[in-house]
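Analysis of the macromolecular model
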Amino acid sequence: GPAKSGTTGAGVATSVASVTRQDLSSQTQVAATLGYAGNYSAVNQAQGTITSLPSVGQIVAQGQVLYGVSGNPVVLLYGSTPAYRSLSEGASASDVTGADVQELNADLVALGYVTASELSPTSDEFSYWTKVGVEKLQAALGVTQNGTLALGQAVFLPSAARVTAVSATLGAPAQPGAPVLTATSTTRQVSIALDAAQQSEIKVGDKVTVTLPNNQTTPGVVSSVGTVATAPASGSSNSTPTITVEVTPTDPAATGDLDQAPVTVSITTASVKAALVIPVDALLALAGGGYAVEVVSSAGLHSLVPVTLGLFDDADGLVAVTGSGLAVGQHVVVPAL
């Protein structure tokens, strides 16, 4: 007889669902950690006594004082090459060159002490305008304006420093080469220890969804995918090698104020376009192997149609299928809600 919603077969209440054609994606839920990108150590090169230190959680930006030695400020400048010598003008600009000079020039332009027309931010030469910029920086810091950036007068770090720990002590000797503090950047980041076998399923630029500790979700983008697999720590219950995947939240403000927190990330590992799609619970396992669906015709006749399974979307409970007897708009039997 005609099929009716809520009919019973073999003692199980059933309903029907439509066969559709749509794009489908497969997602994997993985545990991750929300925190901040980067992990920096500020190394002192000045001699004297530690007279000022930042507080944990304080953010120090380019051109601001990071700490003090014998009453003199040590300024934070941006750059990946650490300070290792005093920088001053030579007889000619080409006398003093290097990566440390280039980052100093870029900092002086960024801070507005000289203009890009006066000093190229990509120049690696200590020129007259570099000296002028250093003098203006020294004036802003309230120290002697001699145009020489002495070793120990500045610390170069890749970005603004968000202080996470202070290892130096007020009143203690400032030891050249000793770390003063550790910091991160101010950039929010989610780190994933992903199963190394899944490396090929994710790439830089992929969009993900981050579920925060308050169960709110926020989008993110994969910023890096590790290429070196790491074995789990000794004694760990997990024996699967992992790679590190970094995700940048699209809306950092939505991630809250927690310094570090466990989160869940939904990663799209595969996708298919314009697939024939049915609910997963419409699948029937055949005694001889394989799967079929129970199709209900417009006349109410029921028939089994073998199907081949494709991509599963576990989040929405859908599966892509192919089958010669299946078409868009047909109705298949599913368990009743």
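Being a predicted model, the structure only gives us computed values, none of them experimental. (Residues numbered from 1 in each chain as written. Predicted model: local features only at pLDDT ≥ 70, side-chain atom pairs only at ≥ 80, totals over all residues. Heavy atoms only, no water.)

Bringing the overall build of the chain into the picture now. Per the secondary structure count, the chain includes two helices and 22 strands. Its C-alpha atoms give the chain principal-axis dimensions of about 100 × 45 × 30 Å. Of all 337 residues assigned to the chain, the portion counted as buried reaches 38%. Contacts in the chain between residues at least 24 apart in sequence constitute 66% of all its contacts with a sequence separation of at least 6. Accessible area of the chain: about 17000 Å², with a carbon and sulfur share of 53%. Computed over 10 positive and 22 negative side-chain charges, the separation of the two mean positions in the chain equals 6 Å. (Helix = DSSP H or I, 4+ residues; strand = E, 2+ residues; numbered from the N terminus. Buried < 20%, exposed > 50% of the residue type's maximum accessible area, 1.4 Å probe, protein only. Contact = heavy atoms within 4.5 Å. Areas by Shrake-Rupley, 256 points an atom, 1.4 Å probe, with all protein chains shown as cover. Lys, Arg positive; Asp, Glu negative; His and termini not counted. Charge placed at Lys NZ, Arg CZ, Asp CG, Glu CD.)

This part is about the environment of threonine 20. Position of threonine 20 relative to the elements: it lies in strand E3 (residues 20-36). Along the sequence, threonine 20 and proline 279 sit 259 residues apart, while their C-alpha atoms lie 9.7 Å from each other. Every residue in contact with threonine 20, bar those within four places of it in the chain, is listed here: Ala275, Leu276, Val277 and Val328. At 3.0 Å, the side chain of threonine 20 and the side chain of glutamine 22 are in polar contact. (Polar contact = N/O pair within 3.5 Å; in protein donor to acceptor, adjacent residues only side chain to side chain.)

In spatial order, the strands read E4-E12-E10-E6; together these four strands make up an open sheet with antiparallel pairing. In this open sheet, the two edge strands, each paired with only one partner strand, are strand E4 (40-43) and strand E6 (59-60). (Pairing = 2+ DSSP bridges.)

Further remarks concern the pattern of salt bridges. Per the stated rule, a full pass over the model turns up four salt bridges. A salt bridge links aspartate 100 to arginine 85; the shortest N-O distance between them is 2.7 Å. Of this pair, aspartate 100 sits in helix H1 (residues 99-110) while arginine 85 sits in the loop between strand E8 (72-78) and H1, and the two are 15 residues apart along the sequence. Overall, aspartate 100 belongs to the buried group, its relative accessible area being 2%. When the shortest N-O distance is used, the salt bridge between lysine 203 and aspartate 206 registers 3.0 Å. Lysine 203 sits in the exposed class, given a relative accessible area of 55%. (Salt bridge = Lys/Arg side-chain N within 4 Å of Asp/Glu carboxyl O.)

Alternating positions in strand E14 (residues 207-211) separate cleanly, Val208 and Val210 being buried on one face and Lys207, Thr209 and Thr211 remaining unburied on the opposite face. Bridging between E14 and strand E15 (residues 217-225) involves five bridges; their strand directions are antiparallel. Paired with valine 208 across the strands is glycine 220, a residue of E15. Linking E14 back to E15 in an antiparallel pair, the connection comprises five residues, with asparagine 215 at a positive phi of about 70°.

The next point concerns the sheet that holds E8. The strand order across the open sheet formed by five strands is E9-E8-E7-E5-E11, and the pairing between neighbours is mixed. Looking at strand neighbours, the two that pair on one side only are strand E9 (154-157) and strand E11 (173-174), the edges of this open sheet.

In this section: the nonpolar core. One finds Leu77, Leu87, Leu104, Leu108, Phe126, Leu137 and Leu149 to be the most contacted residues of the largest nonpolar core, which totals 21 residues. Of all the secondary structure elements, the ones that give two or more residues to this core are E8, H1, helix H2 (128-141) and E9. In contact with leucine 149, not counting residues within four places along its chain, are Leu77, Arg85, Ser86, Leu87, Leu104, Val134, Ala154 and Phe156. Tyr40, Tyr67, Ala161 and Leu181 belong to the second largest nonpolar core, which has 18 residues in total. (Core = buried A, V, L, I, M, F, W, Y, C linked by side-chain atoms within 4.5 Å.)

Okay, the confidence of the model for the chain next. In this model, the chain carries an average pLDDT of 92, and 96% of its residues clear a pLDDT of 70 or more. Note on residues 1-9: pLDDT under 50 across the span, and 14 contacts to partners over four residues away in sequence or across chains. (pLDDT = per-residue confidence, 0-100.)

Turning our attention to the packing of H1 against H2. Two elements in contact, H1 and H2, have axes whose closest approach is 10 Å; the angle formed by their N-to-C orientations is 60°. As summarised for this structure, H1 and H2 are arranged oblique, according to the angle between their axes. Considering the relative orientation of H1 and H2, their crossing is left-handed. Contacts between H1 and H2 involve Leu104, Asn105 and Leu108 from the former and Thr130, Gly133, Val134 and Leu137 from the latter. (Axes fitted to C-alpha atoms, helices over the stretch in contact; angles between N-to-C directions. Parallel < 35°, antiparallel > 145°, perpendicular 65-115°, else oblique. Left-handed = near helix turned anticlockwise from the far one by under 90°.)

The topology assignment puts leucine 170 in the loop between strand E10 (161-166) and E11. On the accessibility criterion, leucine 170 (54% relative accessible area) is exposed. Considering only alpha carbons, one finds leucine 170 and threonine 255, 85 residues apart in sequence, at a separation of 34 Å. Among residues more than four places away in sequence, those in contact with leucine 170 are Ile50, Thr51, Ser52 and Leu53.

Before going further, it helps to examine the packing of aromatic side chains. Taken as a whole, this structure holds one aromatic pair when the rule is applied. Look at tyrosine 128 and tryptophan 129: their rings are 5.2 Å apart centre to centre, the planes differ by 75°, and that puts the pair in the edge-to-face class. The residue whose ring lies beneath arginine 188 is tyrosine 36, and the NZ or CZ to ring-centre distance is 4.5 Å. (Phe/Tyr/Trp six-rings, centres within 6.5 Å; stacked < 30°, edge-to-face > 60°. Lys NZ or Arg CZ within 6 Å of the ring centre and 35° of its normal.)

In this section: a nonpolar patch on the surface. On the surface, Leu284, Leu286 and Leu304 cluster together into a nonpolar patch covering about 240 Å² of accessible area. Topologically, leucine 286 is positioned in the loop between strand E18 (284-285) and strand E19 (291-296). What makes leucine 286 partly exposed here is its relative accessible area of 31%. (Patch = residues over 30% accessible without salt bridge, like charges linked within 9 Å, V, L, I, M, F, W, Y side chains within 5 Å.)

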